Amino acid sequence: MKPPKFSYLRPNNLQEALDMLAEYGDDAKIMSGGQSLIPLLNMRLSTPGYIIDIGRVEELKGIKEEEDAIVIGGITRHVDVEKSALVQEKCPLLTEGIRWVGHNQIRTRGTIGGSIAHADPSAELPCILTALRGEIVMVSSEEEITVSPEEFFLSYLLTSLEPNQLIKEIRFPKIKKGSGYAFEEVARRHGDFALVEVAVVIELDDDGTIADAKIALGGANSVPFIPEAAEEFLIGKLPDDSILKEAATLQLDDLDPEGDIHGSKEYRRYLSGVLLERALNRAIDRAREGVFA
Amino acid sequence: MSNCNVKIKINGEVIEKEIESRWLLSDFLRDKLGLTGTHVGCEHGVCGACTILLNGEPVRSCLMLAVQADGLEVETVESLAEEDGTFHPIQQAFANNHALQCGFCTPGFLMSVKNFMETHPELPTDDEIREAISGNLCRCTGYSNIIKAVKDAYVLKC
Ligand SMILES: Cc1cc2nc3c(=O)[nH]c(=O)nc-3n(C[C@H](O)[C@H](O)[C@H](O)COP(=O)(O)OP(=O)(O)OC[C@H]3O[C@@H](n4cnc5c(N)ncnc54)[C@H](O)[C@@H]3O)c2cc1C
């Protein structure tokens, strides 16, 4: 349970980091907070020749507001997002969900870019980003490109990141006026990865009908899942209990969770429907209350 | 490269050393500096026994390379008691309330609780305490006495 030998590189700025990635990318691993990578090193599941510690690249740190989105630098820590008044005000779904990431002692080191790049199917941030229809900004020494979560998350722990790229920042769209949001999760113990999790944003028209529905489920498939048919079904409807129940269970057959001793495939599928119904109800209540007025 | 020079302030003392970059902070503290109060349990971040304070915030020392602490400040359980051995109020409260049996997890709890009390100056509710210690596992006490001890520490502190 000790890391194997590697060469340690600590770039002082983004350009240095990108140069190092261009030179050593194939045999290098980026280290941000280390909360997923160090366990892998300790268990010798990862044995890179080089570790590029981007933890001190100031350009990758910070939370800023743009017109439509809150833009968070790749190495911004979970605790800094959790405590951000700006995030709480403009993108409270993120504040609600990020508290589910591990424990405080993990969130003091773990980072937003690390969580997204690690791409655990049960992790909270990929699910939240997918529900929000956010974007991931990747940069290499050659170019900067922006991709959607659907383009980014390819499979279990697999993303479209190339060895010479790093995550520069992540764009979390703001939650609009007249919208409500909710994050629901069941984990075996507080701080564990989710068995299943759901993130929802609902926009209501003035007459109370659903103008827009954005949903993502985590832990149910190898990447965050968008139940498109359920979203379409909801749009234009005046929500009541039976409509929300129908929406929540519409696409359970499309879910393909891995079963294990902590929960069978069937249980996780069933749980997905329960959590989605709960999240829809809470999001709609919040939209009705005009929490976002 | 595979060796680096670091300068880390540990329990108030600046330590400068050449270290292997692959060394975990927990192993550096225990094996190289003899600070064996920091316990190593699971070595993948789950148990919390190795919790220390880094620039005042609780972190897992088994999920950090020692080199990552370069230029930063570390506090371990050894920093709590006074020179003459007088317990820190949190330690005294743990002793008074039987908040430990085997004691293996205790250093991690103490460091987590220290940060919690600094960031939550008002007497917290049981639920807040449970949340604060949720990242530390104890297999002996069943936690009830730890919760009592944390509340007591608020009283002793005054
Ligand atoms: C006990 C425990 C419980 C946990 N519970 C949860 C949980 O409930 N939910 C959850 O979501 N997570 C959980 N985690 C994981 C934790 O949230 C990690 O902090 C997070 O997944 C990774 O962030 P990091 O900054 O530590 O990344 P690192 O460990 O530094 O890196 C993780 C991976 O991402 C890559 N990477 C990091 N930053 C970048 C970047 N900017 N660009 C490109 N690649 C990058 C690295 O190369 C590596 O492959 C837990 C971890 C522990 C130890």
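Structure shown above.
Since the structure is predicted, the reported quantities are computational estimates derived from the model, not experimental observations. (Residues numbered from 1 in each chain as written. Chains lettered and ligands numbered in written order. Predicted model: local features only at pLDDT ≥ 70, side-chain atom pairs only at ≥ 80, totals over all residues. Heavy atoms only, no water.)

**Comments concerning the overall build of chain A**
Now for step 1: On a plain count of helices and strands, chain A comes out with 12 helices and 13 strands.
Now for step 2: Scaling as 2.2 N^0.38, a compact globule of 293 residues should have a C-alpha radius of gyration of about 19 Å, and chain A matches this with 19 Å.
Now for step 3: Dimensions of chain A, computed from C-alpha atoms along their principal axes, come out at roughly 60 × 45 × 30 Å.
Now for step 4: Across the 293 residues in chain A, those meeting the buried criterion constitute 56%.
Now for step 5: A separation of at least 24 residues holds for 62% of the contacts in chain A among residues at least 6 apart in sequence.
Now for step 6: Counting only carbon and sulfur atoms, one obtains 47% of the accessible surface of chain A, whose full area is about 12400 Å².
Now for step 7: Taking the 32 positively charged and 50 negatively charged side chains of chain A as two groups, their mean positions are separated by 8 Å. (Helix = DSSP H or I, 4+ residues; strand = E, 2+ residues; numbered from the N terminus. Rg over C-alpha atoms; globule rule 2.2 N^0.38 Å. Buried < 20%, exposed > 50% of the residue type's maximum accessible area, 1.4 Å probe, protein only. Contact = heavy atoms within 4.5 Å. Areas by Shrake-Rupley, 256 points an atom, 1.4 Å probe, with all protein chains shown as cover. Lys, Arg positive; Asp, Glu negative; His and termini not counted. Charge placed at Lys NZ, Arg CZ, Asp CG, Glu CD.)

**Notes on empty space enclosed by the protein**
All names here are of chain A.
Now for step 1: This structure, assessed with the given rule, holds one cavity of 30 Å³ or more.
Now for step 2: Within this model, the largest cavity holds a volume of roughly 50 Å³.
Now for step 3: Around the largest cavity sit L217, P227, A230, A247, A248, L250, Q251, L252, L255, S272, G273 and L276, which together line it.
Now for step 4: Of all the secondary-structure elements, those providing two or more residues to the lining of the largest cavity are α11 (241-249) and α12 (265-289).
Now for step 5: Considering each element in turn, the lining of the largest cavity owes the most residues, three residues, to α12.
Now for step 6: The residue makeup of the lining of the largest cavity, split by class, is nine nonpolar, three polar and no charged. (1 Å grid on protein atoms, 1.4 Å probe; cavity = no way out; pocket = protein on both sides within 12 Å on 5 of 7 lines; lining within 4 Å. Points joined across faces, edges and corners; volume = space filled by probe spheres on them. Nonpolar A, V, L, I, M, F, W, Y, C, P; charged D, E, K, R; others polar.)

**A short note on the site of the ligand**
Now for step 1: Residues in close proximity to the ligand total 34 residues, the closest being I30, Q35, L37, T111 and E124 of chain A.
Now for step 2: The ligand sits at the junction of chains A and B, each of which supplies nearby residues.
Now for step 3: With respect to the ligand, the backbone of Q35 of chain A contributes an N or O atom lying 2.7 Å from an oxygen atom.
Now for step 4: One of the side-chain nitrogen or oxygen atoms of E124 of chain A is found 2.6 Å away from a nitrogen atom of the ligand.
Now for step 5: In the complex, 94% of the free accessible area of the ligand, which totals 970 Å², lies under the protein chains.
Now for step 6: At the level of secondary structure, the elements contributing two or more residues to the shell around the ligand comprise β2 (28-31), α7 (112-118) and β10 (166-173) of chain A.
Now for step 7: If you tally residues by element for the shell around the ligand, the top one is α7 of chain A, at five residues.
Now for step 8: For the shell around the ligand, a count of residues per class yields 15 nonpolar, 16 polar and three charged. (Near = heavy atom within 4 Å. Polar contact = N/O pair within 3.5 Å; in protein donor to acceptor, adjacent residues only side chain to side chain.)

**Points about the interface of chain B and chain A**
Now for step 1: Contact residues are listed per partner, giving 34 residues for chain B and 33 residues for chain A.
Now for step 2: Buried area between chain B and chain A, summed over both chains or domains, comes out near 2700 Å², and the portion from carbon and sulfur atoms is 52%.
Now for step 3: Summed over the shared surface of chain B and chain A, the result is five salt bridges.
Now for step 4: For D27 of chain B, the salt bridge identified is with K2 of chain A, shortest N-O distance 2.9 Å.
Now for step 5: Remark: the boundary between chain B and chain A carries 16 residue pairs in polar contact (both at pLDDT 80 or more).
Now for step 6: The set of elements that each furnish at least two residues to the side of chain B that touches chain A consists of β3 (51-54), β4 (57-60), α3 (106-119) and α4 (126-132) of chain B.
Now for step 7: A per-element tally of the side of chain B that touches chain A places β4 of chain B first, with four residues.
Now for step 8: Class assignment of the residues belonging to the side of chain B that touches chain A gives a composition of 15 nonpolar, 11 polar and eight charged. (Buried area = accessible area lost by both parts, 1.4 Å probe. Salt bridge = Lys/Arg side-chain N within 4 Å of Asp/Glu carboxyl O.)

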